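Structural description and commentary
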Amino acid sequence: MAEDGEEKLLATVQHIVQTLGSSDTMTEDILRVFSNYDGRLSLDKLYAARAAAASAAGGGGGGGGLGGGGEHSMPESPTLPLPPPPAAAVSAAAAAGRPPPVTSMERTVRTLDRQISQFVAMDRLIWADSADADAFLEAVDDLIGTVQELEAAGTNRGLFDRAEELLSRCMARLEEEFRALIERPDDAAPAAPGGFRSDGSDDEEDFGGGDGYGDEPIPIAKPVTDYDVVIDALSPGSVANVHQIARRMVDAGFGRECAEVYAAARRGFVDESVARLGVRPRPAEEVHASSWEELEFDIARWIPAFNMVFRILIPSERRLCDRVFDGLAPFGDLAFVAAVRTQALQLISFGDAISSSSRAPERLFRVVDMYEAVRDLLPDLDPVFADPYSAALRAEVTAVCNTLGSSIKGIFMELENLIRRDPARVAAQGGGIHPITRYVMNYLRAACGSRQTLEEVMEGDFGAVGGAAAAVDPDRPTSSLAVHIAWIMDVLHKNLDIKSKIYRDPSLACVFLMNNGKYIIQKVNDSELGVLLGDEWIKQMTNRVRRWSMDYQRVTWGKVTTVLQTGGPGVGGLPATAMKQKLRMFNTYFQEIYEVQSEWVIADEQLRVDVRAAVAEAVMPVYTALISRLKSSPEARHDLYIKYTPEDVEACIQHLFEGAAK
């Protein structure tokens, strides 16, 4: 009796459906209403009953269901056969000229279409309402599972294509939500009291106003010295939301599209952040054509910007990307590289352009600063650029470190060429220190302030100090840098020797060499140059200065001391006439020497004292002896010939080399 009652109920429902169901969608809705109304009217039973009735009607049978009896007649005692398999039902329906019965999978796709279409059509962010977001994600999960099931079955291509099209529309809306949550996370968050967003975005005026995308220039950020910070661009809630979306897009096979959307959304933030650091992209041609003063200004901004980008901005982007794409490799790596690559390469390209530009010696110190900034950064990049996709960026940073190191070596070579090319046409006035000597020694002295860096560069161990460079032994001047500087000093010595030939007076040439040699020794002893060149080199240079001093004594005062010789005391001494002649010759020589050499210069005070003492030691004894012999001679009126007393000669010697006649 129960089964008979259920059969009657099913037949009645079929009649109602046949009467009112003017379309597949309406039929579907009516069947769903009945299935919700009575537990005996499950969708499976209703569809099975429809298939059975269609089969019976197609075979010419009478009676009930969708095909029997009059147009509106209700069968009194319908007998429903057992439902055939789905394929048979479809064939029976096709034979009867009616639409095939709707399968469970079709019903699922239709239901998901209605649900998802409502969300896709929303003119506001779905994630503005957490309940809507949860419902949408649930529908997306069901749709992804349905598509995968249809693809695995491979029996209904039309339904699969329909589900795929629905999935594409769904992913397009997820992309919009994903982008909005990253670019405008506050749009999905309730406003804080007072009308401002909860992240404090009302503080925009602290940055000078403007968002950097209008006509107003992007303000320059203040310099940062502490790089141990992390930029949290998104709140934990926003990160959780975008992660949920990313996971669905990856599950649906849209992982690459998700990575591209993420990169595009974050790239704007990265671009503006770099612009706030005061650097702009410059092609190599523009860098090469710029003046050094302009480039120095650019480098002064580039170094802190480089540190900010690679120590704070890029690691923060890596951290955010890892959280958004947690467990979704490799799409997180792709998204990260695409987001930061452009600005990273622009900073790197400036370093390359500086490396390949002029290697004038004055550029050394700024290039060393750039090299040290890149070198010190390299170890910190390993965890940031650890994946295969960002390894190329890590290699680019290493490459620019190498090119900067090569540029430093090239600058040192250019310094040698500069010394060689320095013309020998102009002599230093008064035999003083030549400008090339001052330039080279002060240059090398300043360069040794970066001795550790120069050591590694000259060894060719670019970028190793950040890792494991060999320590410099302060007691062994045998490094490549020491050899290179010793070579430069040799080139300088040869250049000075050539310049000394300009002086027609050999005495002045000796003074010139003494001055420059002593200056070199002072600069070497007063800096790291002494460590690099070593005690033996300093000893050899000191001996050179001593030799030049002896040459000066011989060339300048040798004839003076020779003319003063009297042949010793006793009866066999010179006659008064000969002594008078010697005195007249001395007066002439001494006056000429004094008038000229009092205008010469010995810059170093101790060297000046030593040279004067040597002159006095050579001249005063023989001059005093001559004057004494002349005064003791009864034949001479010595007062007519003695122009300088011994005290006068001593005083004049003490006024030599002061740069002005006394």
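Our subject is the structure that appears above.
A few points on the structure. (Residues numbered from 1 in each chain as written. Predicted model: local features only at pLDDT ≥ 70, side-chain atom pairs only at ≥ 80, totals over all residues. Heavy atoms only, no water.)

What follows is about the overall build of the chain. A tally of helices and strands in the chain yields 22 helices and 0 strands. Across the 662 residues that make up the chain, the buried fraction comes to 44%. Nonlocal contacts in the chain, meaning residues at least 24 apart in sequence, comprise 78% of its contacts between residues at least 6 apart. Accessible surface, the chain as shown: approximately 32600 Å² in total, 52% of it carbon and sulfur. (Helix = DSSP H or I, 4+ residues; strand = E, 2+ residues; numbered from the N terminus. Buried < 20%, exposed > 50% of the residue type's maximum accessible area, 1.4 Å probe, protein only. Contact = heavy atoms within 4.5 Å. Areas by Shrake-Rupley, 256 points an atom, 1.4 Å probe, with all protein chains shown as cover.)

Scanning all chains against the criterion turns up 36 salt bridges. Through salt bridges with shared partners, a single network forms among R280, R282, E286, E294 and D298. (Salt bridge = Lys/Arg side-chain N within 4 Å of Asp/Glu carboxyl O.)

This paragraph deals with a negative patch on the surface. Taken together, the side chains of D129, D134, E138 and D142 present a region of like negative charge at the surface. Examined against the element boundaries, D134 turns out to sit in helix α6 (residues 130-153). (Patch = residues over 30% accessible without salt bridge, like charges linked within 9 Å, V, L, I, M, F, W, Y side chains within 5 Å. Lys, Arg positive; Asp, Glu negative; His and termini not counted. Charge placed at Lys NZ, Arg CZ, Asp CG, Glu CD.)

What follows is about helix α12 (residues 331-355). Turn by turn, an α-helix covers 3.6 residues, leaving residues three or four places apart pointing in a common direction. With 25 residues, α12 should reach 36 Å at 1.5 Å per residue; the first-to-last C-alpha distance of 35 Å fits that figure. Along α12, the largest kink reaches about 45° and is centred on R341. (Expected span 1.5 Å × (residues − 1). Bend = angle between axes of the 7 residues up to and from the residue.)

Its location among the elements puts L381 in helix α13 (residues 364-381). In this structure, the C-alpha to C-alpha distance between L381 and L393, residues 12 residues apart in sequence, is 9.6 Å. Each residue touching L381, except ones within four places of it in the same chain, is listed here: F310, R394 and V397.

Let's shift gears to the side chain of T556. Within the fold, T556 resides in helix α19 (residues 529-564). Note on T556: relative accessible area 3%, which makes it buried. Only 2.4 Å separates the side chain of T556 from the side chain of S507, close enough to count as a polar contact. Ignoring anything within four residues of it in the chain, the contact list for T556 reads S507, I593 and Q597. (Polar contact = N/O pair within 3.5 Å; in protein donor to acceptor, adjacent residues only side chain to side chain.)

What follows deals with the packing of aromatic side chains. Counting across every chain of the model gives 17 aromatic pairs. Seen from their ring centres, F119 and F136 are 5.3 Å apart, and the 40° between their planes marks the pair as tilted. Here F119 is found in helix α5 (residues 104-120), whereas its partner F136 is found in helix α6, with 17 residues between them in sequence. One exposure class covers both F119 and F136, and it is buried. An aromatic cluster is built from W557, F586, F590, Y623 and Y644, whose rings are joined through pairwise contacts. The ring of F336 has R318 lying over it, and the distance from NZ or CZ to the ring centre is 4.1 Å. (Phe/Tyr/Trp six-rings, centres within 6.5 Å; stacked < 30°, edge-to-face > 60°. Lys NZ or Arg CZ within 6 Å of the ring centre and 35° of its normal.)

Moving on, we come to unusual backbone geometry. A cis amide bond links A329 with the next residue in sequence, P330, at an omega value of 5°. Position of P330 relative to the elements: it lies in the loop between α11 (292-324) and α12. A positive phi angle is found at F657, which is not glycine, with a value near 65°. Looking at the element boundaries, F657 is found in the segment after α22 (646-653). The class for F657 is buried, based on a relative accessible area of 1%.

Time to look at the side chain of D298. With respect to the helices and strands, the residue D298 is situated in helix α11. D298 sits in the buried class, given a relative accessible area of 19%.

Once that is clear, we can look at the nonpolar core. Core analysis: the largest hydrophobic core is formed by 171 residues, its most contacted members being F178, F310, F325, L444, Y552 and Y623. For this core, the element with the most residues is α11, which contributes 16 residues. With near-sequence residues (within four places) excluded, L444 lies in contact with F412, L415, I485, I488, M489 and L529. (Core = buried A, V, L, I, M, F, W, Y, C linked by side-chain atoms within 4.5 Å.)

Read these as spatial facts, not as claims about activity.
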